[in-house]
Amino acid sequence: ILKLQFLYLIGSSPLHPTADTMGFLDADMLYPSAKDQKNAHKRKRLVQGPKSHFLDVRCESCSQVTVVFSHASTVVVCASCSSVLAQPAGGKARITAGCSFRQKAE
């Protein structure tokens, strides 16, 4: 009886559940976590932006650094030794095994 009186005082009823009891608003939509934003689609983020970036790729044979787009649609070869650095793979480019790379600073 006390619980029903308390629910009546706060404006809630046991027959009509509130958003807190339903559980569908557990995530904070105003302040999403960085992890959720990183995994979200580029158009569904709080601030829209592409997931593509540029990479510094170091050739394993001559150690020359070449800038490669992460979603390159053509084969990228080293300018000095003509070895293949990246190949297109549908979406992102596949970096050749043995080549070291890092994402360029924005």
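The structure this text deals with has already been given above.
What this report covers is the structure whose coordinates are included nearby. (Residues numbered from 1 in each chain as written. Predicted model: local features only at pLDDT ≥ 70, side-chain atom pairs only at ≥ 80, totals over all residues. Heavy atoms only, no water.)

### With respect to the overall build of the protein chain
- Scanning the protein chain from terminus to terminus reveals three helices and six strands.
- Counting from the amino terminus, the protein chain carries its helices and strands in the arrangement α-α-α-β-β-β-β-β-β.
- Expressed as a percentage of its 106 residues, the buried residues of the protein chain come to 19%.
- Counting only contacts in the protein chain whose residues sit at least 6 apart along the sequence, the fraction spanning at least 24 positions is 24%. (Helix = DSSP H or I, 4+ residues; strand = E, 2+ residues; numbered from the N terminus. Buried < 20%, exposed > 50% of the residue type's maximum accessible area, 1.4 Å probe, protein only. Contact = heavy atoms within 4.5 Å.)

### Describing unusual backbone geometry
- In the Ramachandran plot, Ser63 falls in the positive-phi region, its phi being about 60 degrees despite a non-glycine side chain.
- With respect to the helices, strands and loops of the structure, Ser63 is situated in the loop between β1 (54-58) and β2 (65-69).
- Phi angles above zero are rare outside glycine, and Ser82 is one such case at about 60 degrees.

### Side note on the side chain of Ser70
- Within the secondary structure, Ser70 sits in the loop between β2 and β3 (76-77).
- Of the residues examined, Ser70 reaches a relative accessible area of 4% and is grouped as buried.
- Leaving out residues up to four positions away in the same chain, Ser70 has contacts with Ser52, His53, Leu55, Lys92 and Ala93.

### With respect to a nonpolar patch on the surface
- Together, Phe54, Val67 and Phe69 line one region of the surface with nonpolar side chains, adding up to about 270 Å² of accessible area.
- Residue position: Phe54 is located in strand β1. (Patch = residues over 30% accessible without salt bridge, like charges linked within 9 Å, V, L, I, M, F, W, Y side chains within 5 Å. Areas by Shrake-Rupley, 256 points an atom, 1.4 Å probe, with all protein chains shown as cover. Salt bridge = Lys/Arg side-chain N within 4 Å of Asp/Glu carboxyl O.)

### Digging into the pattern of salt bridges
- Per the counting criterion, the structure on display carries two salt bridges.
- Note that Asp56 is salt-bridged to Arg102, the shortest N-O span being 3.5 Å. Of this pair, Asp56 sits in strand β1 while Arg102 sits in strand β6 (residues 100-103), and the two are 46 residues apart along the sequence.
- In this structure, Asp56 and Lys104 form a salt bridge, with 3.3 Å as the shortest nitrogen-oxygen distance. In this pair, Asp56 sits in strand β1 while Lys104 sits in the segment after β6, placing the two residues 48 residues apart along the sequence.
- By relative accessible area, which is 11% here, Asp56 ends up buried.

### Side note on the packing of aromatic side chains
- For the coordinates displayed, the defined rule picks out one aromatic pair.
- Ring plane angle 55 degrees and centroid distance 5.2 Å describe the contact between Phe54 and Phe69, whose orientation is recorded as tilted. In this pair, Phe54 sits in strand β1 while Phe69 sits in strand β2, placing the two residues 15 residues apart along the sequence.
- Assessed through its relative accessible area of 45%, Phe54 is described here as partly exposed. (Phe/Tyr/Trp six-rings, centres within 6.5 Å; stacked < 30°, edge-to-face > 60°.)

Note that every value here comes from positions in space, so none of it alone points to a role or purpose.
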